[in-house]
Amino acid sequence: MTPPTRIDDALVHAARQGVDRLDAQLLLLHALGKTSENRSWLIAHDTDHLSPEAQQHFADLIAQRLEEVPVAYLLGHKAFFGLTLQVSPAVLIPRPDTETLVQWALDTMAARDHLEATRDASPPRVLDLGTGSGAIALALKQNLPHWQVVGVDHSVAALAQAARNADALGLPVQWLESDWLHAIKQEASPHTNAGPRRFDLIVSNPPYIRDADPHLAALRHEPITALTAGLDGLDDLRQIISQAATHLLPGAWLLLEHGYDQATAVAELLAQAGYDTITHRNDLAGITRCTGGCWRGQVG
Ligand SMILES: C[S@@+](CC[C@H](N)C(=O)[O-])C[C@H]1O[C@@H](n2cnc3c(N)ncnc32)[C@H](O)[C@@H]1O
């Protein structure tokens, strides 16, 4: 069938195929080379005719949306904590829920700044494990620019995407390819003569979905290694909790995002590993989706 030529007809046609109205509007603006802020333009120009190229581009986007390709991948960007991040299928699309972890990290960083006022002049350091698009690391750097921010991922493609985002936003972050904290162990510490590099804060939104979770089908366009973590979904959280203590300064926090039903298990893992003051934070829907603990151990 020939795609509709008018803007209003094109949107009605997309709706009849089952595409959400807002999604269709955003995709049509994209096909027209306009930004997502121009929705009122669409309404004011609803009887305008589309060029054959725009018709075809919109039809292609709608076909992909019907295959459940996320809108963010089709547009190539996603808003996160006030930043616009470029995304591709190499990275998980940042979720609004993760803004809870960022806000908790910023609160913790502000409290740490207060303590640091009496310490030496070297900048405090935060590590984002499993950085993906760089969402958490970049939001932290944007809000507390004097902190040194390091973002780690085992995916080279994800790190390249994170670095492009950092360049586009003008935010200097150090990117490191590593299987969780393994590569960090090899770096010399600027604070001590030898030994592991230590941080004032470590944050992570790691994979935490169970391998057999039925919801995975709906996430099939996102990288599976960003999503699943073994039979109980805790494999990566276990590794991070056991490895992080070696890289935290005394009094520093490890803050973790996890699944809606994993708060108790994550708290137990933190307690077993020797963290204290174990605390939870709820996401925007009031569900406990972040858990953290303070490391009181001595620098080895
Ligand atoms: C749930 S995604 C989070 C992405 C991003 N931090 C966010 O919040 O949008 C998990 C990330 O962890 C990375 N990852 C998975 N296993 C890893 C490992 N063993 N070492 C380092 N990164 C890993 C994935 O590549 C992915 O980017």
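Structural data are supplied above this passage.
Let me sum up the structure you'll find in this document. (Residues numbered from 1 in each chain as written. Predicted model: local features only at pLDDT ≥ 70, side-chain atom pairs only at ≥ 80, totals over all residues. Heavy atoms only, no water.)

### Quick notes on the side chain of Arg-112
Turning to step 1, where the next piece is worked out: Residue placement: Arg-112 occurs in helix H6 (residues 98–116).
Turning to step 2, where the next piece is worked out: Owing to a relative accessible area of 9%, Arg-112 belongs among the buried residues under this scheme.
Turning to step 3, where the next piece is worked out: When residues no more than four places from it in sequence are discounted, the contact partners of Arg-112 are Trp-147, Asp-200, Leu-249, Pro-250, Gly-251 and Ala-252. (Helix = DSSP H or I, 4+ residues; strand = E, 2+ residues; numbered from the N terminus. Buried < 20%, exposed > 50% of the residue type's maximum accessible area, 1.4 Å probe, protein only. Contact = heavy atoms within 4.5 Å.)

### Points about the sheet that holds strand S5 (residues 174–177)
Strand pairing in a sheet relies on backbone hydrogen bonds. The paired strands run either parallel or antiparallel.
Turning to step 1, where the next piece is worked out: Spatially, seven strands are ordered S5-S4-S3-S6-S7-S9-S8 in an open sheet, and the strand pairing comes out mixed. Of all the strands in the sheet, just S5 and strand S8 (276–282) have a single pairing partner and so form its edges. Mean inter-strand twist for the sheet, computed between neighbouring axes without regard to direction, equals 20°.
Turning to step 2, where the next piece is worked out: Across four bridges, the pairing between strand S4 (residues 148–153) and S5 is parallel. Residue Asp-153 lies in a different strand from S5, and its bridge partner there is Glu-177.
Turning to step 3, where the next piece is worked out: Most of the contacts of helix H8 (residues 156–169) go to S5, to which it runs at about 175°, and overall it touches S4 and S5.
Turning to step 4, where the next piece is worked out: Of the strands in this sheet, strand S7 (248–257), S8 and strand S9 (288–295) touch helix H10 (residues 263–272), which is tilted by about 10° from S9. (Pairing = 2+ DSSP bridges. Axes fitted to C-alpha atoms, helices over the stretch in contact; angles between N-to-C directions.)

### Structural notes on the site of the ligand
Turning to step 1, where the next piece is worked out: Surveying the vicinity of the ligand reveals 17 residues, the closest of which are Gly-130, Asp-153, Asp-179, Trp-180 and Asn-205.
Turning to step 2, where the next piece is worked out: Contacts to the ligand include His-154, whose backbone N or O atom sits 3.2 Å from a nitrogen atom.
Turning to step 3, where the next piece is worked out: Contact distances for the ligand include 3.3 Å between a nitrogen atom and a backbone N or O atom of Ser-178.
Turning to step 4, where the next piece is worked out: In the complex, the protein chains occlude 95% of the 590 Å² of accessible area that the ligand would expose alone.
Turning to step 5, where the next piece is worked out: Split by residue class, the shell around the ligand holds seven nonpolar, eight polar and two charged. (Near = heavy atom within 4 Å. Polar contact = N/O pair within 3.5 Å; in protein donor to acceptor, adjacent residues only side chain to side chain. Areas by Shrake-Rupley, 256 points an atom, 1.4 Å probe, with all protein chains shown as cover. Nonpolar A, V, L, I, M, F, W, Y, C, P; charged D, E, K, R; others polar.)

### Observations regarding the environment of His-49
Turning to step 1, where the next piece is worked out: Structurally, His-49 is set in the loop between helix H3 (39–44) and helix H4 (52–66).
Turning to step 2, where the next piece is worked out: For His-49, a relative accessible area of 59% puts it in the exposed group.
Turning to step 3, where the next piece is worked out: A sequence separation of 24 residues divides His-49 from Gln-25, and the C-alpha atoms of the two residues are 15 Å apart.
Turning to step 4, where the next piece is worked out: Within the structure, His-49 has its side chain in polar contact with the side chain of Thr-5 (distance 3.3 Å).

### A closer look at the packing of helix H9 (residues 235–244) against H10
Turning to step 1, where the next piece is worked out: Packing of H9 against H10 brings their axes to within 9 Å, and their N-to-C directions diverge by 25°. Our classification of the angle between H9 and H10 gives roughly parallel. Here H9 runs over H10; the crossing is right-handed. Here Leu-237, Arg-238 and Ile-241 of H9 lie close against H10, whose contacting residues are Val-266, Leu-269 and Leu-270.
Turning to step 2, where the next piece is worked out: For the contact of H9 with H10, the residue count by class is five nonpolar, no polar and one charged. (Parallel < 35°, antiparallel > 145°, perpendicular 65-115°, else oblique. Left-handed = near helix turned anticlockwise from the far one by under 90°.)

### Some details on the pattern of salt bridges
Close approach of charged atoms lets side chains of opposite charge pair.
Turning to step 1, where the next piece is worked out: Per the stated rule, a full pass over the model turns up 14 salt bridges.
Turning to step 2, where the next piece is worked out: Residue Arg-210 pairs with Asp-261 through a salt bridge whose shortest N-O separation is 3.3 Å. Of this pair, Arg-210 sits in the loop between strand S6 (199–204) and H9 while Asp-261 sits in the loop between S7 and H10; the two residues are 51 residues apart in sequence, bridging distant segments of the chain.
Turning to step 3, where the next piece is worked out: Residue class for Arg-210 comes out partly exposed when judged on its relative accessible area of 30%.
Turning to step 4, where the next piece is worked out: Its relative accessible area of 38% is what places Asp-261 among the partly exposed residues.
Turning to step 5, where the next piece is worked out: Two residues, Glu-257 and Arg-289, come together in a salt bridge whose shortest N-O distance is 3.1 Å. With Glu-257 in strand S7 and Arg-289 in strand S9, this residue pair connects regions lying 32 residues apart in the sequence.
Turning to step 6, where the next piece is worked out: What makes Arg-289 buried here is its relative accessible area of 11%.
Turning to step 7, where the next piece is worked out: Salt bridges sharing partners connect three or more residues here, namely Asp-97, Glu-257, Asp-283 and Arg-289. (Salt bridge = Lys/Arg side-chain N within 4 Å of Asp/Glu carboxyl O.)

Structural measurements only, silent on function.
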